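Structural description and commentary
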Amino acid sequence: METRTITNRREFSWRSFILQWEWLLVALIAAVFVLNANLSEYFLDSRHLLDATMGFLDKAFIVLPMVFIILMGDIDISVASIVALSSVVMADLYQAGLPMEWAMAVCLAVGSLCGWINGMLIVRFKELSSVIVTLATMIIYRGIAYIILEDQAAGKFPKWFKFLGWEYVGNVPFILVAFAVCAAVFTYLLHKTTFGRKLYAIGNNPTASKFSGVEVDRIKVVVFTLAGLMSAVAALFLTSRMGSSRPNIASGYELEVIAMVVLGGVSTAGGKGRMAGAILAVFLIGYLRYGLGLVNISAQTLLIVLGLLLLFAVAVPRLNAGQRTVGRT
Amino acid sequence: MSDTEYALELKGITKSFPGVKALDDVYFKLRPGEIHALMGENGAGKSTFIKVITGVHAPDEGEMILNGRKVEFRHPTDAQKAGIAAIYQHVTCYPDLSVTENIFMGHEKIAQGTKRILWREMHEEAGRLLKELGAGFSPKTLMGALSVAEQQIVEIAKALSLDAKIIIMDEPTAALTQNESEELYRITERLRDQGKSIIFISHRFEDMYRLASVVTVFRDSKYIGTWNVNEISNHDLIIAMVGREISQLFPKKRVAVGEELLRVEGLGLTGYYADVSFTLRRGEILGLTGLVGAGRTEVCQSLFGITRPDKGRIFLKGKEIRIRSPREAMRYGIGYLPEDRQKQGLVLQWAIGRNITLSTLEKVSGKGMLHTRKELDIARTLAEKVGVKAGSVFDLVGSLSGGNQQKVVFAKLLTADLDVMILDEPTKGVDVGAKSAIYEIIGDLAGAGYGIVLVSSEMPEIIGMCDRVAVMREGRFTAMLDREGLTQEAILEAAMVGADSPVNSRRVEA
Amino acid sequence: MSAKIAKFRELGLLAFILLLSVGVQLRNPSFLTWENLNDMITNTAILSILAVGMMLVILTRGIDLSIGATLALSGMVSALAVSRYPELHPLAAIGIGTGVGLVCGLILGFLVARIRILPIIATLGMMNVFRGLTYEASGGKWVSAHQMPDSFKDIATGSLLGINNLIAIAIFIYAAAYYFVNHTRTGRRIYAVGSNPDSAALSGIRSGKILQLVYSVMGALAGLAGVLWVSKFASAQGDTATGYELSVIAACVLGGVSIAGGAGKISGIVLGSILLGILNNALPMLNVSAFWQMFIQGAVILFAVLFNALVKRGIDRNHLMRRKI
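Residues numbered from 1 in each chain as written. Chains lettered and ligands numbered in written order. Predicted model: local features only at pLDDT ≥ 70, side-chain atom pairs only at ≥ 80, totals over all residues.

Things to note about the overall build of chain B
When its secondary structure is counted, chain B shows 17 helices and 22 strands. A compact globule built from 510 residues would reach a C-alpha radius of gyration of about 24 Å, and chain B, at 25 Å, matches this within 12%. Residue pairs at least 24 apart in sequence account for 70% of intrachain contacts in chain B once pairs closer than 6 positions are excluded. (Helix = DSSP H or I, 4+ residues; strand = E, 2+ residues; numbered from the N terminus. Rg over C-alpha atoms; globule rule 2.2 N^0.38 Å. Contact = placed C-beta atoms within 7 Å.)

Given below as structure tokens:
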């Protein structure tokens, strides 16, 4: 057998460096800033820009595990319902007398449980796609929220609860600090650990992953549980912002979260994409929303813009590659 | 014989794919009303040949002449319209639709004016075809409810409904039981009597003797020859298919066989295999052969934790174990080289390095954190050890040749601490050069003390590499041959020729 | 074997419907009154019209989450039209609504069939676009009853040959759908594309056209339903029919339409729609608070798909055992 030396050093190429999706996002963010600065003089103020993050970063917590889910080739449309349910349970228990700290812990537990249930169903019933499972649980979880609170609001949280969504650490909003920490953890998980490597493997070829000893089922359950947990975290911040909880909160969150992930360059076919892209997309969509909101563009117009953005994000890579997995709803 | 006597003729057909020449200047002649057997080992080019005839692939060179006229097919429907139909081992059909619909999809019977589907006429016609073929089920049955044998009959009915004059059967008996094969023989003879021409691909000599009048052999993508079935002996046919005297190719070193590593008792999985028992020792290469569909891969996958067996026990180094997942199997020291390297063995979108380390990520990480430097070093070392021909570990696996890809999968196996290696068709679709490299790797592994199960359909490989050979047929072991009794005839007899079928032992005088 | 299961399921549904009706009637005698039945059946009519479209989409292994929004948009547009031009003939109003829905469906079909975007993503995105457009069109205001001419409101309350219009339209659509799906080539090819897309390609079926067709039909039916809805409820709002697509999917799944594609019967979705209609109507009658409705719907979908999966496992196991190895 001939021995041949193979190099394990990678050559750096300027071309592949520049042609990354993330640069496109940076350019788009710049464009958004330019657009909004022109639309309103209030936009380009560092204090305002920081404060704006308090309005959109609650969803961003969900974006982090959603990247994992879509990387694996699955999807979770029940996240908004999990936010609602965790928030409602927390508010209800607090009103019934449970100390707030405990109620918050229960919120996180409920979210994780919902995510865990999603994961177990998907893994035990492989005939069912993650679409139909999370479609059903989306209805069930929000349904339970309605059963608990009906159409009431529950609120009157202790004053310190407002800290989450309204206060600062120094000059920086707390939510931004919290998100930065979570984002760092998730980025590390995805790009620097064996867990992250396995996620990419599953997304590219679940069969070969299984044959290579990757515990596909266990990883899926973990990821969906994480999604539930982070939805509950989002619920904490959202509830703190709103000061109360209702069963219909977080309506439409699943669309925005998925839009942020997909716009961030994570392919719905699985196996491709980076956390950095999704994080950039969070700010892109967040500031776009904020800026348009400053000039009183209605929430509904925003919906249209968001829907179109999502389609644009999916369509562009498709038109290039032209592939699709048939049979996955 | 003038050209117009032939129903189908192919001259000088050549077809290449990136990295491999599937057909090299191949010839073929088919007469009307003839059953013509096409034989050759796996990878000899038979499948590609069929795809050329049925219009799935267009040949790079050569011509096809149908009933004296030159034809070119650009899409399978062209071949269909020309009266060529193919029936495969794995029936692709619409499981949720009825037999009638499966037969008529694409050419349904409709009323002239309203274009309404004429169900009654279609069911009647389908029923007529089924009756002719001797099928016992109603055309209104859902396709998914039928057995594989019954589905094949529907495929034949479909071919007949398309007025096919040339029918190709690709390993149709591979998934059938003895009785079902009898049925298929009867149907095939009926078709011949009606004037259809049939190309019959099979590994089973009994199929050939029973049905065919002529046999053509392909080997290594080339056309070897055509003979009348009653003029060539088993022995000579095998030589034609295999080509060379076996023993020269393989440097089979005498390795000291050690203690018992793996023992399997009475393993069974409903619908796939039953009563499987064998032992494997250190340094031993145990061959596992048989026809496609005999259950070999299913046994392997049970040993690797992919599908759990219903019955039986597994002992590793004397201790009984239960293997619940591939991860657990590897922890016990059992590794598996999958049959389908592209779907099961490799992540084609990834580079060589990442593929190699995928099954043992713990070794290149600390507390979950990846050590890239270490990973690249291990990847490089192993890639070089197995002789992967590539410039860098960052080269994408999808761009490598079949042989190189297989070496990458070997390298991946070598990263783990294993005692037993199960290799499922390790040289399938691999060129000759890489093949000998892989044989050397396997030999070295045995010498290093691994116990190896070698699953293969290639005679030379089995005979050249193995110490003992287990032969499977229809889910059971039919023979366990030692090195002394290890001849091609013995293996083929156990795998291909049934107990009560004619065996042609007349030798052609040189 | 699977044919037996299908029959079994339909009989089971029928039996359940009867049992449920009897049960509810016993608890609350005002259930089986003419007035209540009429209300229930007209609601079900709209649901079942949508179920036809959804079944076609699901047959091809797709899904459509945007129909609630399409319904709202078409309803709003037609309501605005008649409020501005009260002389407009009701048939024209229906035409406008159906037309709007058709355009929505065409767009979706294009995205799924041509650009090859996953149906879940495409419909999720367009759902919000259509909903947003509905709000834009209405300027945030409702179109209320007194802005609608009687001729328009009569669409829902009027009758044709003694049968309420909505029911008549539903019956007509069902007849047409039944014929289309069982007696035309295109209809059967929809099943083929969902049952085995690869074989379909080999059989020469143009799956792109089929996909375009089913989403367009779904859109048109949603458009029609939109006009009927706003006429019946005499009001067109921005949030009309929010979440209604889930009821439609529930009706299909209950009726035996397989989420994996390739299987589903018209008779099944009729029964599924009726059952769901009864459930929606009966719950308030049984003093079950309206807030349980959502949960029950989700539970129904989940159990129905799990049940289907388990049944299929049993059948497959059966086949393996027949192999005599």
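Remarks on the overall build of chain A
Scanning chain A for helices and strands turns up 14 helices and four strands. Relative to the 2.2 N^0.38 estimate, which gives 20 Å for 329 residues, the radius of gyration of chain A is 21 Å and therefore close to what a compact globule would have. For chain A, with 329 residues in total, the buried portion stands at 55%. (Buried ≥ 20, exposed ≤ 12 C-beta atoms within 10 Å, placed from the backbone.)

Observations concerning the interface of chain C and chain B
Counting residues at the interface gives 25 residues for chain C, matched by 28 residues for chain B. Of all elements in the fold, only helix H1 (2–27), helix H8 (185–195), helix H9 (197–202) and helix H13 (293–321) of chain C reach the threshold of two or more residues within the side of chain C that touches chain B. Top contributing element to the side of chain C that touches chain B by residue count: H8 of chain C, with five residues. By residue class, the composition of the side of chain C that touches chain B is ten nonpolar, nine polar and six charged. (Nonpolar A, V, L, I, M, F, W, Y, C, P; charged D, E, K, R; others polar.)

Re the sheet that holds strand S12 (residues 273–281) of chain B
Residue and element names in this part refer to chain B. Strand order across the open sheet formed by four strands is S12-S11-S14-S15, with antiparallel pairing between neighbours. The open sheet terminates on both sides in strands that have one partner only, identified here as S12 and strand S15 (319–321). Geometrically, the sheet is characterised by an average inter-axis angle of 20° between neighbouring strands, direction not taken into account. Alignment of strand S11 (residues 260–269) against strand S14 (residues 311–316), held across five bridges, turns out to be antiparallel. Counted as the bridge partner of Glu-265 is Arg-313 from S14. Docked against the sheet, helix H9 (residues 296–303) engages S11 and S12, running at close to 120° with respect to S11. (Pairing = 2+ DSSP bridges. Axes fitted to C-alpha atoms, helices over the stretch in contact; angles between N-to-C directions.)

Structural notes on the sheet that holds strand S19 (residues 420–424) of chain B
Residues and elements named next belong to chain B. Here we have six strands laid out as an open sheet, ordered S16-S19-S20-S13-S21-S22, and mixed in their pairing. Sheet topology places strand S16 (334–337) and strand S22 (476–482) at the edges, where each strand pairs with a single neighbour. Between one strand axis and the next, the sheet turns through 20° on average, direction left out of account. Both strand S21 (residues 468–473) and S22 contribute to a ladder of six bridges, which runs antiparallel. The residue of S22 that forms the bridge with Val-469 is Leu-481.

Quick notes on the interface of chain C and chain A
With 40 residues of chain C in contact, the opposing surface of chain A contributes 37 residues. Mapped onto the side of chain C that touches chain A, the elements with two or more residues apiece are helix H5 (119–138) and H13 of chain C. Of all the elements, H5 of chain C adds the most residues to the side of chain C that touches chain A, at 14 residues. Classifying every residue of the side of chain C that touches chain A by side-chain character gives 28 nonpolar, seven polar and five charged.

Here we look at the environment of Val-364 of chain B
Residues and elements named next belong to chain B. Structurally, Val-364 is set in the loop between helix H12 (352–357) and strand S17 (365–366). Judged by local crowding, Val-364 falls into the buried class, with 23 C-beta atoms found within 10 Å. Along the primary structure Val-364 and Ala-379 are separated by 15 residues, whereas in three dimensions their C-alpha atoms are 9.9 Å apart. Excluding anything up to four places from it in sequence, Val-364 contacts Thr-357, Leu-370, His-371, Lys-374, Glu-375 and Ile-378.

As for the packing of helix H8 (residues 174–192) of chain A against helix H9 (residues 194–204) of chain A
Residue and element names in this part refer to chain A. Taken N-terminus to C-terminus, the directions of H8 and H9 make an angle of 65°; their axes are 5 Å apart at the nearest point. Of the possible angle classes, the one that applies to H8 and H9 is roughly perpendicular. Along the contact surface, H8 presents Leu-189, Leu-190, His-191 and Lys-192, while H9 presents Phe-195, Gly-196 and Leu-199. (Parallel < 35°, antiparallel > 145°, perpendicular 65-115°, else oblique.)

Some remarks on the pairing of strand S8 (residues 197–201) of chain B
Residue and element names in this part refer to chain B. Most of S8 is tucked away: five of the five residues are buried. Pairing analysis gives four bridges linking strand S3 (residues 35–39) to S8, with the strands arranged parallel. Bridging across to S8, His-36 finds its partner in Ile-199. Taken together, the five bridges between strand S7 (residues 166–170) and S8 define a ladder with parallel strand orientation. Paired with Met-169 across the strands is Phe-200, a residue of S8.

Here's the deal with the domain arrangement of chain B
The domain boundaries assigned to chain B delineate domain 1 (3–245) and domain 2 (247–495). Inter-centroid distance (C-alpha atoms) of domain 1 of chain B to domain 2 of chain B is 33 Å. (Domains from an automatic or database assignment.)

A few points about the confidence of the model for chain B
All names here are of chain B. When the pLDDT values of chain B are averaged, the result is 84; 90% of them are 70 or greater. In this model residues 498–510 is a low-confidence stretch, pLDDT under 50, and it forms 17 contacts with partners more than four residues away in sequence or in other chains. Across the predicted assembly, pTM comes out at 0.85 and ipTM at 0.86. (pLDDT = per-residue confidence, 0-100.)

Comments concerning helix H10 (residues 207–233) of chain C
For an α-helix, 3.6 residues make a turn, and residues three or four places apart therefore share a direction. Residue and element names in this part refer to chain C. The end-to-end C-alpha distance of H10, which contains 27 residues, comes to 38 Å, matching closely the 39 Å that a straight helix rising 1.5 Å per residue would cover. Counted residue by residue, H10 has 20 buried out of 27 residues, so it is predominantly covered. The first or second residue beyond H10 is Ala-234, which carries a positive phi of 50°. (Expected span 1.5 Å × (residues − 1).)

Here's the deal with the packing of helix H2 (residues 34–59) of chain C against helix H7 (residues 165–183) of chain C
All names here are of chain C. The contact between H2 and H7 brings their axes to 9 Å, and the two run at 25°. Here H2 is positioned roughly parallel relative to H7, judged by the angle of their axes. Crossing hand, H2 versus H7: left-handed. Residues Ile-41, Thr-42, Ala-45, Ile-46, Ser-48, Ile-49 and Val-52 of H2 lie in contact with H7, whose contacting residues are Leu-166, Ile-167, Ala-170, Ile-173, Tyr-174 and Ala-177. Looking at the contact of H2 with H7 residue by residue, the class counts come to eleven nonpolar, two polar and no charged. (Left-handed = near helix turned anticlockwise from the far one by under 90°.)

Observations concerning the environment of Glu-9 of chain B
Checked against the element boundaries, Glu-9 of chain B lands in strand S1 (residues 8–17). C-beta crowding within 10 Å serves as the criterion here: with 20 such atoms nearby, Glu-9 of chain B is assigned to the buried category.

Side note on the confidence of the model for chain A
Any residue range with low pLDDT should be treated as having predicted coordinates unsuitable for detailed reading. On average, chain A scores 89 in pLDDT, and the residues at 70 or more come to 95%. Throughout residues 322–329 of chain A the model reports pLDDT below 50, and contacts reaching past four residues in sequence, or to other chains, amount to 16 contacts.

Some thoughts on unusual backbone geometry
In this structure, Asp-25 of chain B takes a positive phi of about 55° despite not being glycine. Note on placement: Asp-25 of chain B falls in strand S2 (residues 20–30).

What about the environment of Thr-194 of chain A?
In this structure, Thr-194 of chain A sits in helix H9. In sequence terms Thr-194 of chain A and Asn-38 of chain A are 156 residues apart; their C-alpha atoms lie 46 Å from each other. Excluding residues within four positions of it along the chain, Thr-194 of chain A makes contact with Leu-361, Glu-362, Ser-365, Gly-368 and Leu-370 of chain B.

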